[in-house]
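Understanding the architecture of this molecule
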Amino acid sequence: FSSAKSANIAVLVMISDSGASTHMTPFKEWFDAGSFKPLDPPRSVRLGDNKTVDAVGVGNVWIVSNHHGDQHRVLLKGVLFVPDFYITLISVHRLARDSGLFSLFTDKGSRVLKGKRTVMTSTHRHGLYHLNATPLSSAGEAHAAIDINLLHRRMAHVHHTKLKKMVAKGQL
């Protein structure tokens, strides 16, 4: 299993991972306003297939799940921003350590509990546990599409390749 992007497509998939040492996501817009800090130098992250990618930032991300009509919010602390990922990994270890949550796994899925109360679930598909939760993106953050040629002109004719890298790193 490789989490690294093979194309420029990231998907809204959260995997509950008992082998991940920390939470990781390719979505900078998910970070709680004010918690995001760039990593300089970037932190190298080794994947399950021994490839490495760079984490270029760290911060907190809120996720929300609905279980039997109840909405549960969970704060993920110390989430690495890894632009070259295409999915989000949720570390079972960090859920336990940082939030006092524990996970029970079966062949059909898992439950994440706080005490005796289920706060999240996952569905087992293709050998992975897909978390049934969604991110709460930072409020007040604006997102807009802009033509690369217009951006090129507005940014003093910075090369298109450099602009694409800046966007991927969340610098624009």
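Here, every reference points to the structure presented above.
Cut-off values and rules
Residues numbered from 1 in each chain as written. Predicted model: local features only at pLDDT ≥ 70, side-chain atom pairs only at ≥ 80, totals over all residues. Heavy atoms only, no water. Buried < 20%, exposed > 50% of the residue type's maximum accessible area, 1.4 Å probe, protein only. Helix = DSSP H or I, 4+ residues; strand = E, 2+ residues; numbered from the N terminus. Arc of directions from axis to C-beta. Contact = heavy atoms within 4.5 Å. Phe/Tyr/Trp six-rings, centres within 6.5 Å; stacked < 30°, edge-to-face > 60°. Lys NZ or Arg CZ within 6 Å of the ring centre and 35° of its normal.

Each full turn of the α-helix corresponds to 3.6 residues, which orients residues three or four apart in the same direction. Among the residues of helix H1 (residues 92-99), Val 92, Arg 94, Leu 95 and Ser 99 are the ones counted as buried. The buried residues of H1 occupy an angular sector of 165° when projected down its axis, which confines them to one face. Residues of H1 that are buried sit in contact with strand E1 (14-17), strand E5 (70-81), strand E6 (88-91), strand E7 (102-105), strand E8 (109-114) and strand E9 (117-125).

Once that is clear, we can look at the packing of aromatic side chains. Scanning all chains against the criterion turns up five aromatic pairs. Ring geometry for Phe 27 versus Trp 30: centroids 4.5 Å apart, planes at 20°, classification stacked. Comparing Phe 27 with Trp 30 shows no difference in burial state: the two are buried. On the basis of an interplanar angle of 70° and a centroid distance of 5.1 Å, the ring pair of Phe 31 and Phe 36 is categorised as edge-to-face. Look at Phe 31 and you get buried, because its relative accessible area is 2%. Ring pairing ties together the aromatic residues Phe 31, Phe 36 and Phe 81, which thus form one cluster. Here the basic side chain of Arg 73 rests over the ring of Trp 62, its NZ or CZ set 4.8 Å away from the ring centre.

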